[in-house]
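Summary of structural features
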Amino acid sequence: MYKCQEGTPTKYEANSVEEAISAGLTDLKVTRAQVDVQVISNGKKGFLGIGKQLAAVEITVKAQKSTPKPAPNKEEKTEPQAKNNAKSQDTETSRVGEAKTAQPQDTKEQSVSSANDEDTEANMAKDDKGKDDDFKAKAKKEAIPTEPEGPSFEDVLVELGNYLAEVTKNMGIGATINVTPEKHTVYYDFETEQEGLLIGKRGKNLNSLQLLAQDFLDKRVRRRVRVILDVANYRDRRAETLSHLAQKTARDAIAAGKPITLDPMPALERKVIHTSLAENEHVETYSRGNEPRRAVVVDPQ
């Protein structure tokens, strides 16, 4: 049968702290009062299978206290011992009297000795004070809390997924969200029976939600990562529509001989217009205005 050595911590993991403690007590065959428990991690449930961690604890069996032996009673003495003590006390008294009569030590030597003793005590007190100050400074330095590390990129993606789920719920939309992180882009794909409500007219609702998601991520991640929201392959279908719009607008601008400004679009859609007309030598495209009213201009050459 396995027996845990007293004072040696043993690590246990489970879905929760209480389950980990219960597993440890069962394994070590001890009660809760017989151990010290240190929580290493409370664990994380994760989101969509991302960031799940087990709770972890370290359990140390307390050392058993030994029963101290009773001290002998000093007051209990036998009668012969009491007589011997009394006799010894009389002898010491007589010796003290003789010493006082003799007075063999010089008064000047006693004064020098006392002065040396006082200097030694002063130096010792100074050393003790210096050590005490060093100890207080070290203790104060150790007591300064260190700043906790920020959440990992994985944890931020989970937080963003929960945020998007809460927003769509408040919009009255029930949806399942799948997240796909890549090097510089993270995709959140919605599965819902209310696609039209989530997308909105010309993607207005989906684009607004994407702006909120991008702002959420920018405030929590130092490096630049683009967020793209999609539902029912809307982004690909929208890109095809925008490509046709770009070609038609170029023809109209050339025929009219003046620039045409398209409706405001998010950066992802403006990029589609620029790419579609990049090889057209008869027009030039550029963007003007500020977000979220920034729009593409098709200017004939």
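These notes cover the structure that comes with them. (Residues numbered from 1 in each chain as written. Predicted model: local features only at pLDDT ≥ 70, side-chain atom pairs only at ≥ 80, totals over all residues. Heavy atoms only, no water.)

1. Here we look at the sheet that holds strand E7 (residues 260-261)
Cut-off, in case you're wondering: Any two strands are treated as partners once DSSP identifies two or more bridges connecting them. By definition, any uninterrupted DSSP run of H or I lasting at least four residues is a helix, any uninterrupted run of E lasting at least two residues is a strand, and each is numbered from the N terminus. Only heavy atoms matter for contacts: two residues are in contact if any of them lie within 4.5 Å across the pair. Fitting a line to C-alpha atoms yields each axis, with helices limited to the stretch in contact; the angle taken between N-to-C directions then spans 0 to 180 degrees.
Here we have three strands laid out as an open sheet, ordered E7-E9-E8, and antiparallel in their pairing. Single-partner strands in this sheet number two, and they are E7 and strand E8 (283-288). As judged from the two bridges shared by E7 and strand E9 (residues 295-300), these two strands associate in the antiparallel manner. Residue pairing in the sheet places Ile-260 in a bridge with Val-298 of E9. Across the sheet, helix H7 (residues 234-256) lies against E7, E8 and E9, angled at about 45° from E9, the strand it touches most.

2. What to know about the environment of Gln-53
Rules: For the exposure calls, accessible area comes from a 1.4 Å probe over protein chains only, and a residue counts as buried if that area is under 20% of its type's maximum, exposed if over 50%, partly exposed in between.
Along the polypeptide, Gln-53 turns up in the loop between strand E2 (35-41) and strand E3 (55-61). Classification of Gln-53 as partly exposed rests on a relative accessible area of 40%. When the C-alpha atoms of Gln-53 and Ala-14 are compared, they prove to be 9.2 Å apart, with 39 residues separating the residues in sequence. Excluding anything up to four places from it in sequence, Gln-53 contacts Ser-41, Gly-43 and Lys-44.

3. With respect to the side chain of Arg-238
Just so we agree on the cut-off: In the analysis that follows, any N or O atom pair within 3.5 Å is treated as a polar contact, provided that within protein one partner can donate a hydrogen and the other can accept it, and provided that, for residues neighboring in sequence, both atoms belong to side chains.
Tracing the chain through its elements places Arg-238 in helix H7. Overall, Arg-238 belongs to the buried group, its relative accessible area being 15%. Reaching out from Arg-238, the side chain makes a polar contact with the side chain of Glu-269 at a distance of 3.2 Å.

4. Describing the packing of aromatic side chains
Here a ring pair, both rings aromatic, is described through the centre-centre distance and the interplanar angle of the planes. Definition in use: Geometry of aromatic contacts follows a simple scheme: Phe, Tyr and Trp rings, the Trp one being its six-membered ring, pair when their centres are within 6.5 Å, and the pair is stacked under 30 degrees between planes, edge-to-face over 60, tilted otherwise. Whether a charge sits over a ring depends on NZ of Lys or CZ of Arg being within 6 Å of the ring centre and within 35 degrees of the ring normal.
Tallied over the full model, the rule gives one aromatic pair. We note Arg-223 situated over the ring of Phe-153; from NZ or CZ to the ring centre the distance is 4.6 Å.

5. Points about the nonpolar core
Rule in force here: Definition used in this section: a nonpolar core is a set of buried Ala, Val, Leu, Ile, Met, Phe, Trp, Tyr and Cys residues joined via side-chain atoms within 4.5 Å.
Counting 24 residues, the largest nonpolar core has Leu-164, Tyr-188, Phe-190 and Leu-217 as the members making the most contacts within it. Elements represented by at least two residues in this core include exactly helix H4 (153-170), strand E4 (176-181), strand E5 (185-191), helix H5 (195-199), helix H6 (204-218) and strand E6 (226-231). Excluding residues that lie within four positions of it along the chain, Phe-190 makes contacts with Leu-164, Thr-168, Ala-175, Thr-176, Ile-177, Leu-198, Leu-209, Leu-229, Asp-230, Val-231 and Ala-232. Counting residues in each nonpolar core, the second largest holds 13 residues, with Tyr-12, Ile-21, Leu-28 and Ile-59 among its members.

6. Side note on the pairing of E3
Most of E3 sits inside the fold, with six of its seven residues counted as buried. One ladder, built from five bridges, connects strand E1 (residues 10-14) with E3; its direction is antiparallel. When the sheet's bridge partners are listed, Glu-13 is paired in E3 with Ala-56. One ladder, built from six bridges, connects E2 with E3; its direction is antiparallel. Pairing of Ser-41 across the sheet is with Ala-56, part of E3.

7. Brief notes about the sheet that holds E1
In a beta sheet, neighbouring strands are held together by backbone hydrogen bonds and run either parallel or antiparallel to one another. Strand order in the open sheet made by the three strands is E1-E3-E2, with antiparallel pairing throughout. Among the strands making up the open sheet, the edge pair consists of E1 and E2. The sheet shows a mean angle of 25° between the axes of neighbouring strands, taken without regard to direction. Against the sheet, helix H1 (residues 17-28) makes contact with E1, E2 and E3, and its axis sits at roughly 35° relative to E3, the strand it touches most.

By themselves, these observations are geometric and do not establish any function.
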